[in-house]
Amino acid sequence: MPTDDPPKSQLRCPKCNRPLRVIEKVWDPKKKAHTCIYKCACGEVVWDD
Ligand SMILES: [Zn+2]
(Lines give C-alpha, C1' and ligand atoms only; values in the text may rest on other atoms or scores of the structure.)
Protein backbone atom coordinates (compact mmCIF):
# COMPACT_ATOMS: atom_id res chain seq x y z
CA MET A 1 0.00 0.00 0.00
CA PRO A 2 1.27 3.49 -0.74
CA THR A 3 2.66 5.49 2.13
CA ASP A 4 2.96 8.97 0.72
CA ASP A 5 1.79 10.80 3.82
CA PRO A 6 4.20 13.58 4.66
CA PRO A 7 6.19 12.74 7.79
CA LYS A 8 5.31 14.63 10.94
CA SER A 9 8.87 15.88 11.19
CA GLN A 10 8.10 18.11 8.24
CA LEU A 11 5.86 20.34 10.34
CA ARG A 12 6.72 23.98 9.94
CA CYS A 13 6.96 26.80 12.41
CA PRO A 14 3.84 28.98 12.43
CA LYS A 15 6.03 32.04 13.00
CA CYS A 16 8.92 31.70 10.61
CA ASN A 17 7.94 28.66 8.50
CA ARG A 18 11.17 26.81 9.12
CA PRO A 19 11.06 23.03 9.68
CA LEU A 20 10.41 22.03 13.27
CA ARG A 21 12.56 19.60 15.20
CA VAL A 22 11.20 17.10 17.74
CA ILE A 23 12.68 17.85 21.14
CA GLU A 24 10.58 15.58 23.33
CA LYS A 25 7.92 12.90 23.30
CA VAL A 26 5.49 12.72 26.19
CA TRP A 27 2.78 10.19 27.00
CA ASP A 28 -0.69 11.70 27.03
CA PRO A 29 -2.91 9.47 29.22
CA LYS A 30 -6.07 11.20 28.01
CA LYS A 31 -5.39 10.42 24.37
CA LYS A 32 -3.54 7.20 25.20
CA ALA A 33 -0.92 8.24 22.70
CA HIS A 34 2.45 9.89 22.52
CA THR A 35 2.51 13.60 21.93
CA CYS A 36 5.51 15.17 20.26
CA ILE A 37 6.86 18.52 21.27
CA TYR A 38 8.58 20.46 18.51
CA LYS A 39 10.92 23.38 18.74
CA CYS A 40 12.01 25.79 16.08
CA ALA A 41 15.34 27.55 15.72
CA CYS A 42 13.50 30.81 16.50
CA GLY A 43 12.45 29.46 19.89
CA GLU A 44 8.82 28.71 19.03
CA VAL A 45 7.54 25.55 20.72
CA VAL A 46 4.71 23.58 19.13
CA TRP A 47 2.75 20.69 20.57
CA ASP A 48 1.53 18.01 18.23
CA ASP A 49 -2.18 18.10 19.06
ZN1 LIG B 1 10.32 29.54 13.95
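The structure displayed is predicted, hence computed values, not measured ones. (Residues numbered from 1 in each chain as written. Predicted model: local features only at pLDDT ≥ 70, side-chain atom pairs only at ≥ 80, totals over all residues.)

Turning to the overall build of the protein, a few remarks are in order. Of the regular secondary structure elements, the protein holds 0 helices and 3 strands. Counting only residues that meet the buried cut, the protein has 6% of its 49 residues in that class. If you take every contact in the protein between residues at least 6 apart in sequence, the share linking residues at least 24 apart comes to 27%. (Helix = DSSP H or I, 4+ residues; strand = E, 2+ residues; numbered from the N terminus. Buried ≥ 20, exposed ≤ 12 C-beta atoms within 10 Å, placed from the backbone. Contact = placed C-beta atoms within 7 Å.)

The next thing to look at is the sheet that holds strand E1 (residues 21-28). Spatially, 3 strands are ordered E1-E2-E3 in an open sheet, and the strand pairing comes out antiparallel. Of all the strands in the sheet, just E1 and strand E3 (45-47) have a single pairing partner and so form its edges. Strand-to-strand, the axes of this sheet are offset by a mean angle of 25 degrees, without reference to chain direction. Of the strand pairs in this sheet, E1 and strand E2 (residues 33-39) are connected by 7 bridges, and their pairing is antiparallel. Each residue of the ladder has a partner; that of Trp 27, found in E2, is His 34. (Pairing = 2+ DSSP bridges. Axes fitted to C-alpha atoms, helices over the stretch in contact; angles between N-to-C directions.)

Before going further, it helps to spend a moment on the pairing of E2. Connecting E1 to the next strand, E2, in antiparallel fashion are 4 residues, including Lys 32 with a positive phi near 55 degrees. Linkage of E2 to E3, two consecutive antiparallel strands, is achieved through a turn of 5 residues, within which Gly 43 is found at a positive phi near 105 degrees.

Below, the discussion takes up unusual backbone geometry. Positioned with a positive phi, Asn 17 is a non-glycine residue whose angle comes to about 70 degrees. Structurally, the position occupied by Asn 17 is in the segment before E1.

For the rest of this paragraph, the subject is the environment of Pro 14. Note that Pro 14 resides in the segment before E1. With 10 C-beta atoms packed within 10 Å, Pro 14 lands in the exposed category. It is 9.5 Å that separates the C-alpha atoms of Pro 14 and Cys 40, two residues lying 26 residues apart in sequence.

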